[in-house]
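Chain residues, written in single-letter form:
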Amino acid sequence: MYYSSGNYEAFARPEKPEGVDRKSAYLIGSGLAALSAACFMVRDGQMKGEHIHVLEKDPIPGGACDGYKYQDIGYVMRGGREMDNHFEVMWDLFRSIPSIETEGVSVLDEYYWLNKEDPNYSLCRATVNRGQDAHTDGKFDISDKGAMEIMKLFFTPNEDLQDKRITDFFDDEVFNSNFWLYWRTMFAFENWHSALEMKLYIQRYIHHIGGLPDFTALRFTKYNQYESMILPMVKYLEGFGVKIHFGVQVTNVEFDCSDPKHKLAKRIDIIENGEKGGIDLTENDLVFITNGGCVENSSMGSQTEPAAWAPEIKPGGGWDMWRRIAAQDPSFGHPDVFCSDPEHSKWMSATVTTLDDEIPPYIQKICKRDPFSGRVVTGGIVTVEDSNWLMSWTLNRQQQFRDQPKDQLCVWVYGLFPDKPGNYVKKPMQDCTGEEICEEWLYHMGVPTDKIADLAKNHANTVPVMMPYIDAFFMPRSAGDRPDVVPDGAVNFAFLGQFAETPRDTIFTTEYSMRTGMEAVYTLCDVDRGVPEVWGSVYDVRNLLNATVMLRDGKPITDMKLNPIERGVLKQIVKKLDSTDIPTLLKEYGVI
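Residues numbered from 1 in each chain as written. Predicted model: local features only at pLDDT ≥ 70, side-chain atom pairs only at ≥ 80, totals over all residues. Heavy atoms only, no water.

Next up on the list: helix H6 (residues 178–187). Burial of H6 is extensive: 10 of the 10 residues sit out of reach of the surface. Of the residues making up H6, those classed as buried are Asn178, Phe179, Trp180, Leu181, Tyr182, Trp183, Arg184, Thr185, Met186 and Phe187. A positive phi of about 70° marks alanine 188, the residue just after H6. (Buried < 20%, exposed > 50% of the residue type's maximum accessible area, 1.4 Å probe, protein only. Helix = DSSP H or I, 4+ residues; strand = E, 2+ residues; numbered from the N terminus.)

In terms of burial, strand E2 (residues 24–28) is largely enclosed, as five of its five residues are buried. In E2, alternate side chains face the same way, and those of Ser24, Tyr26 and Ile28 on one face and Ala25 and Leu27 on the other are all buried. Pairing of E2 with strand E12 (residues 285–290), which is carried by five bridges, proceeds in the parallel orientation. Bridge pairing in E12 places leucine 27 opposite phenylalanine 288. Two elements, E2 and strand E3 (residues 52–56), share four bridges in a ladder whose sense is parallel. What sits directly across from alanine 25, in E3, is isoleucine 52. Regarding the hand of the β-α-β motif, the stretch spanning E2, helix H1 (residues 32–43) and E3 is right-handed. (Pairing = 2+ DSSP bridges. Right-handed = clockwise from strand over helix to strand, strands pointing away.)

All right, on to the packing of H6 against helix H7 (residues 195–204) then. For any two helices packed against each other, the geometry is given by the interaxial angle and the distance between the axes. As a packed pair, H6 and H7 sit with axes 13 Å apart at the nearest point and diverge in direction by 100°. Here H6 is positioned roughly perpendicular relative to H7, judged by the angle of their axes. Residue-level contacts link Phe179, Trp180, Trp183 and Phe187 of H6 to Met198, Tyr201 and Ile202 of H7. For the contact of H6 with H7, the per-class residue count stands at seven nonpolar, no polar and no charged. (Axes fitted to C-alpha atoms, helices over the stretch in contact; angles between N-to-C directions. Parallel < 35°, antiparallel > 145°, perpendicular 65-115°, else oblique. Contact = heavy atoms within 4.5 Å. Nonpolar A, V, L, I, M, F, W, Y, C, P; charged D, E, K, R; others polar.)

Ranked by internal contacts, the top residues of the largest apolar core, which has 141 residues, are Trp183, Met198 and Phe288. The dominant element in this core, judged by the number of residues it contributes, is H1, at 10 residues. Not counting the four nearest positions on each side in its chain, tryptophan 183 is found in contact with Ala188, Phe189, Met198, Tyr201, Ile202, Ile209 and Leu212. Counting residues in hydrophobic clusters, the runner-up holds 35 residues, among them Ala307, Ala350, Leu395 and Leu442. (Core = buried A, V, L, I, M, F, W, Y, C linked by side-chain atoms within 4.5 Å.)

Another point: the packing of helix H4 (residues 144–155) against H7. Direction vectors running N to C along H4 and H7 enclose 95°, while the axes themselves pass 9 Å from each other. One element, H4, and the other, H7, form an angle in the roughly perpendicular class. Residue-level contacts link Ile150, Leu153 and Phe154 of H4 to Ala195, Met198, Lys199, Ile202 and Gln203 of H7. For the contact of H4 with H7, a count of residues per class yields six nonpolar, one polar and one charged.

Time to look at the sheet that holds strand E17 (residues 409–415). The sheet built from eight strands is open, its strands ordered E7-E6-E15-E16-E17-E14-E18-E13 with mixed pairing. Either end of the sheet is taken by a strand with one partner, and the two such strands are strand E7 (132–133) and strand E13 (299–300). Pairing analysis gives two bridges linking strand E6 (residues 126–128) to E7, with the strands arranged antiparallel. Of the residues in E7, the one forming a bridge with valine 128 is glutamine 132. Along the sheet, H6 makes contact with E6, strand E15 (382–384), strand E16 (391–394) and E17, crossing E17 at roughly 115°. Those strands touched by helix H12 (residues 434–444) are E6, strand E14 (347–354), E15, E16, E17 and strand E18 (460–467), and its axis lies near 105° from that of E18.

Tracing the chain through its elements places glutamate 501 in the loop between strand E19 (493–496) and helix H14 (510–524). For glutamate 501, a relative accessible area of 24% translates into the label partly exposed. C-alpha separation for the pair glutamate 501 and proline 483, spaced 18 residues apart in sequence, amounts to 5.7 Å. Apart from residues no more than four positions distant in its own chain, glutamate 501 is found in contact with Arg477, Arg482, Pro483, Asp484, Val485 and Tyr512.

With that out of the way, let us pick up a nonpolar patch on the surface. On the surface, Met148, Met151 and Phe155 cluster together into a nonpolar patch covering about 320 Å² of accessible area. Along the chain, methionine 148 turns up in helix H4. (Patch = residues over 30% accessible without salt bridge, like charges linked within 9 Å, V, L, I, M, F, W, Y side chains within 5 Å. Areas by Shrake-Rupley, 256 points an atom, 1.4 Å probe, with all protein chains shown as cover. Salt bridge = Lys/Arg side-chain N within 4 Å of Asp/Glu carboxyl O.)

Further remarks concern the environment of serine 373. With respect to the helices, strands and loops of the structure, serine 373 is situated in the loop between helix H11 (360–367) and E15. Expressed as a C-alpha distance, the spacing of serine 373 and tryptophan 347, which sit 26 residues apart in the sequence, is 31 Å. For serine 373, the side chain forms a polar contact with the main-chain oxygen of aspartate 370, separated by 3.1 Å. Within the structure, the side chain of serine 373 is placed 3.1 Å from the backbone nitrogen of arginine 375, a separation counted as a polar contact. (Polar contact = N/O pair within 3.5 Å; in protein donor to acceptor, adjacent residues only side chain to side chain.)

Here the focus is a negative patch on the surface. A contiguous patch of negative charge on the surface is contributed by Glu15, Glu18, Asp526 and Asp528. The residue aspartate 526 is located in the loop between H14 and strand E20 (531–532) in this model. The class of aspartate 526 is exposed, set by a relative accessible area of 60%. (Lys, Arg positive; Asp, Glu negative; His and termini not counted. Charge placed at Lys NZ, Arg CZ, Asp CG, Glu CD.)

Reading across from one edge, E8-E3-E2-E12-E19 is the order of the five strands in this open sheet, with parallel pairing throughout. Edge positions in the sheet fall to strand E8 (243–246) and E19, since each of these pairs with one other strand and no more. Strand after strand, the sheet turns through a mean of 20° between neighbouring axes, direction not considered. Where E12 lies against E19, four bridges are found, and the strand directions are parallel. Directly across from valine 287, in E19, lies its bridge partner phenylalanine 493. H1 rests against E2, E3, E8, E12 and E19 of the sheet, and its axis sits at about 165° to E2.

Read these as layout, nothing more, since geometry by itself doesn't imply function.
Structure representation (structure tokens):
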């Protein structure tokens with residue numbers, strides 16, 4: 001497997017790998033990473049579809065990419081996905097996946113024209129004082145000292161960030177800024193999370209710094225990610241004869257690691273219909289393991305019931321399986337780094353479905369758009385700056401579900417601090433019913449208090465979801481805590497998803513999951529075509545200059561508060577560059 005860039009081989013079709021007709025594949029889990037691996041296997045690895053088996057413990061595919069109407073409780077979206085124009089692997093695959101919405105076009109075509117014709121941007125990024133615009137006004141509002149703290153982290157070697165927390169690098173100069181408000185709520189970072197992941201995120205999205213305050217950097221699918229992304233992939237795979245086996249719990253994969261240069265997956269232990277069983281493997285049986293899982297142990301409440309707190313790890317789940325696998329070889333990672341402290345990796349979400357025209361006017365007052373237009377509504381999350389739960393909420397284009405009634409809206413709400421008492425409902429979010437969560441949301445939207453109870457009870461349906469491990473991948477970590485996609489010496493197995501290690505890309509993204517799938521298939525199947533490298537904006541001086549100025553709200557570095565010696569040195573540097581093209585570049589990007 002090797003990386004490539006540019007369009008020379010981006011559209012080339014690889015030759016059929018030698019011996020692929022003798023191979024079979026077993027994919028553990030049916031999340032985005034596993035489905036992507038299956039798609040790359042049939043498209044580029046040219047493996048026979050009937051040789052590919054997806055083992056899924058749940059009754060539906062998709063993993064964390066969900067969006068489903070449960071007949072007894074209502075519409076549920078545990079989370080949402082924000083996409084970037086430089087998700088190179090994602091678009092490489094989706095150009096080949098036919099749309100299930102529009103005949104004759106790909107998922108990429110559909111997505112591209114949707115966002116081209118209806119570009120995303122926010123008209124209100126944050127509120128205070130019960131629905132009043134917080135007037136962040138597109139500003140990061142960060143001091144020079146805070147900007148220097150961010151820059152220091154940006155340039156710190158990864159080796160020096162092992163097991164470090166964000167609080168080891170930032171103080172109130174950053175934490176009290178709009179920058180941190182935008183960042184933590186958009187990406188779900190907490191102060192105690194990994195400084196290494198924070199650095200990787202800054203570097204990965206340096207080209208989007210200027211688009212963070214108003215979300216012009218983002219693009220979204222038409223419907224929820226299950227219907228817009230997962231279902232087209234499933235239909236594509238079914239067309240090749242790929243089989244998804246639902247209700248199959250994988251409890252362990254047994255390995256022979258006696259020879260470090262020839263590590264072999266020998267057997268998959270399963271539970272199906274309550275019966276223990278197994279699949280014996282040869283070197284021609286490829287195993288793709290989705291280890292861990294950010295939505296493992298998640299639980300749903302209802303309009304009248306809170307979501308349960310149930311972090312106990314049990315057999316048949318991604319964490320327990322990874323623990324059993326990791327015990328067999330040091331190169332298989334250290335799952336307890338990520339799953340042993342759910343109090344620090346949890347947050348909650350809720351799906352509010354408005355049932356009539358009573359609540360929508362309050363939404364429209366804040367987002368300044370007609371929520372029934374079918375076009376961009378909030379343009380990303382609206383963060384309630386003074387919420388004890390640090391609540392954010394969003395309406396993507398409606399309808400979010402194909403079968404959603406035209407007079408209803410589906411709103412996604414989440415709270416980063418679910419153990420804090422609410423401002424209106426004096427209970428922690430994790431103890432609240434859907435109705436109570438809706439009351440807290442309505443309060444922060446400025447609904448008169450004498451109307452809140454009736455609207456939450458009779459004019460909306462709200463389903464809360466508790467996710468103990470949703471931020472597990474952000475826990476402070478060291479090199480080796482996540483296994484490589486294909487560990488050294490691996491003959492017939494690979495790791496997939498958010499807890500597998502691939503260089504430079506960032507977890508908690510669709511691209512990361514799909515990239516691990518592509519790298520795994522290209523390595524194990526020996527596909528002779530380059531995997532698109534992570535977009536190199538961090539190496540582009542134009543992006544670096546632009547980000548530096550944008551982070552300082554458009555102010556040139558010549559406006560920084562410098563002492564006389566520093567200012568003199570800066571002037572001398574600028575003067576010495578006068579005979580080069582560099583001042584032209586610096587002026588073009590507002591640096592001087």
